[in-house]
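Results of the structural survey
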Amino acid sequence: MATEKFTFQAEVSKLLDIVAHSLYSHKEIFLRELISNASDACDRLRYAALTDAALTAGDTDFKITLGLDKKAKTLTITDNGGGMSHDDLTEVLGTIARSGTQAFVDQVAATAKDGDKKKGKDAKAGNGMALIGQFGVGFYSAFMVADTVDVLTRKAGEKTAWRWSSDGKGEFTIDTATREARGTDVILHLNAKETEYLEPARIETIVKQHSDHIGIPIILKGDGTKKDGDRTLNTASALWTRPKKDITAEQYQEFYHHAAHAFDEPWMTLHNSVEGVVSYTNLLFIPSAQPFDLFHPDRKAQLKLYVKRVFITDDCEGLMPPYLRFMRGIVDSEDLPLNISREMFQHNPQLAKIRSGLANRIMAELKKKADKKPDEYVQFWENFGSVLKEGLYEEPENREKILNLARFKSSTEDGWTSLADYLGRLQDGQEVIYYITGEDADAMAASPHLEGFKAKGVEVLLMTDPVDDFWIPSVGEFDGKAFKSAARAGADLDKIKTAERDEKKDQAADKAANAIAPLLAQFKVALGAAVKDVRASERLTTSPVCLVTGEGDMDARLEKMLKQNRQAGMPDLTARVLEVNPDHSLIKRLANRAKDGDGKDSLIADAAHLLLDQARIIEGEPVADTKAFSRRLSAVMESGLKA
Ligand code: ADP
Ligand code: MG
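These notes cover the structure that comes with them. (Residues numbered from 1 in each chain as written. Chains lettered and ligands numbered in written order. Predicted model: local features only at pLDDT ≥ 70, side-chain atom pairs only at ≥ 80, totals over all residues. Heavy atoms only, no water.)

What the five strands build is an open sheet, ordered β15-β17-β16-β19-β18; its pairing is mixed. The sheet is open, and its two edges are formed by β15 (409–410) and β18 (477–478), each paired on a single side. Bridge count for strand β16 (residues 433–437) against strand β17 (residues 461–463) is three bridges, and the pairing is parallel. Along β17, the bridge assignment pairs Y435 with L461. Those strands touched by helix α16 (residues 468–475) are β16, β17, β18 and β19 (481–485), and its axis lies near 150° from that of β16. (Pairing = 2+ DSSP bridges. Helix = DSSP H or I, 4+ residues; strand = E, 2+ residues; numbered from the N terminus. Contact = heavy atoms within 4.5 Å. Axes fitted to C-alpha atoms, helices over the stretch in contact; angles between N-to-C directions.)

Spelled out as structure tokens, the structure:
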């Protein structure tokens, strides 16, 4: 068969370009990536052989071999794993199958450029690398050190072998080849500058540092003489089966890099064994940075499941709830059947036990951290709090725990606060937890809705995650205190007594409210269906008006979000209540005019519409009818000049 020529998928070419130019400061990690692939190939074959023993017949001792050839300037990584067929080669070594590739590659390219501009070359290398690492560019990292890469491979159970070859510059070729048994050789024709990777001592150091945790032997081939025989470089027992005291922080970190395709340090490491009805060992990590696909719509957890040290799958939905999908690492079960199938993941009661055991453990460890090291805990919360909060409505049995772990921005406190701390600061007569949702904490803190709360020193939680609009209605309360939106009518502010507030003031407020009653009536007529009601406000101190949600109506932001997602049959947004500040001088003057007028005053009608538009603008909403708005604004300004 003639040589076949292929071009790389466009994203791969882009990635290869980034790889070639931005990873130079940690080039040696290419070896970790290739060893990791070899180990994965052995893991997958071991699993396949559980149901088809013929696949590994004649050779069940999995191993990875490294061969150095100083004359030919090649470094060869050999494994006796599952190998690749012709189709595998074109599908996996020429494309990137993972979702979101295009967007991701663009992001990497942009960051690499930014870093270059801002902090020079090192930053570029660092950023590009962190991002690529998350993406698991893996195999392509070979082109950091090699001018040409050959992959000689034969798939288990097949007779034909193939040679894939590329210089990483846009094209690759595939030929038929011969290989005695199943498995893969990745042959790196090293660049003239990279001869250090032909030195046995250098290779040994790299393997010990980055790949010691690999569960099968990594053997450095000698020259065949007695003096220089084959040597196993790694400990070759799965890291999680070793006693904790024998594992260094560096080894944990390397394992995390391998398991999570990450380059950051783990923020927390959870390594423990559980014995009981269901026995398992977990080695889990919480990353210190957000993985790039954290908000991917499939919300999949990415743990690897092993049964008795045999790798089963990295796609096991039942193992970790979606709201803990930031966890990385492995779970090794003693009790699950080795031949567990995909369908069984959904309904296996043992798996369900493991899942709840893991979730409890994670939350207990988070609680400990939050209590003992609140400053470090904030880093976790800023990365993953918005994901964890999804559990508030998805898993009611863990609601209390998550509420206790939750942190919020507040109108009166700096930094983050817990709900327990909020309750400790309740004012006399305050029965509820006030909150407001929106895009931006600073803008919310300055919103007219909070004026009355500020005047009374009542704290309002500022919630900026879209998920907040979803969990609050389903959670309802914390420690017996209901959540209540500060942007909602009937905020019950007058029940809260503060030192300055006395009877006299209350009476004055009532009087002011009575004085504007005729104005409110005329506003209502003018605005019609555009508002649900017009009322005197007890919350406003400096702004003339604001819009609040009516009792029983859906929170405005939630409604907007649902509408954006085009929920079926949603009518126009529900009209809200316009609250009017009786103490504001503009309102007082309008009220005077309304009291003496005949109810058909066009200035009052224009003012009503303008004030409503103003309230909308403050909330970041567009003016509905810009023509009418301009006409009214001109008319009112003109009448001001006449006076
Ligand atoms: P990842 O390991 O994250 O899947 P890589 O770029 O490292 O990404 O590898 C791409 C794919 O190439 C692997 O998923 C696997 O299918 C295939 N592959 C790479 N190396 C080997 C190997 N030694 N044996 C079998 N398949 C391999
Ligand atoms: Mg890989």
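Now, onward.
Taken as a whole and judged by the stated rule, the model has 22 aromatic pairs. Aromatic pair F30 and Y197: ring centres 5.1 Å apart, planes at 85°, arrangement edge-to-face. You can see F30 sitting in helix α2 (residues 29–49) and its partner Y197 sitting in the loop between β7 (183–190) and α6 (200–210), a full 167 residues away along the chain. Judged by its relative accessible area of 2%, Y197 is buried. (Phe/Tyr/Trp six-rings, centres within 6.5 Å; stacked < 30°, edge-to-face > 60°. Buried < 20%, exposed > 50% of the residue type's maximum accessible area, 1.4 Å probe, protein only.)

This part covers the pairing of strand β10 (residues 266–274). With eight bridges joining them, β10 and strand β11 (residues 280–287) adopt antiparallel strand pairing. Counterpart to T269 in the pairing with β11 is F285. Here β10 folds back onto β11 in antiparallel fashion, the turn holding five residues.

You can see D230 is positioned in the loop between β8 (218–220) and β9 (231–232). Residues D230 and I219, spaced eleven residues apart in sequence, show a C-alpha to C-alpha distance of 6.5 Å. The residues touching D230, leaving out its near neighbours within four places in the chain, are I219, L220, K221 and G222. Looking at D230, its side chain comes within polar contact range of the main-chain nitrogen of G222, at 3.0 Å. (Polar contact = N/O pair within 3.5 Å; in protein donor to acceptor, adjacent residues only side chain to side chain.)

Moving on, we come to the pattern of salt bridges. One pass over the full model with this rule turns up 39 salt bridges. We note a salt bridge from R242 to D212, for which the minimum N-O separation is 3.3 Å. Of the two residues, R242 is situated in the loop between β9 and α7 (249–260) and D212 in the loop between α6 and β8; the sequence distance between them amounts to 30 residues. The residues R242 and D212 share a single accessibility class, namely buried. A salt bridge links D613 to R616; its shortest N-O distance comes to 3.4 Å. With D613 and R616 both in helix α21 (residues 602–618) and three residues apart, the pair spans about one turn of that helix. A relative accessible area of 7% places D613 in the buried class. Taking the relative accessible area as the measure of exposure, R616 reaches 18% and is therefore buried. Linked by salt bridges that have partners in common, R299, R325, E390 and E394 make up one network. (Salt bridge = Lys/Arg side-chain N within 4 Å of Asp/Glu carboxyl O.)

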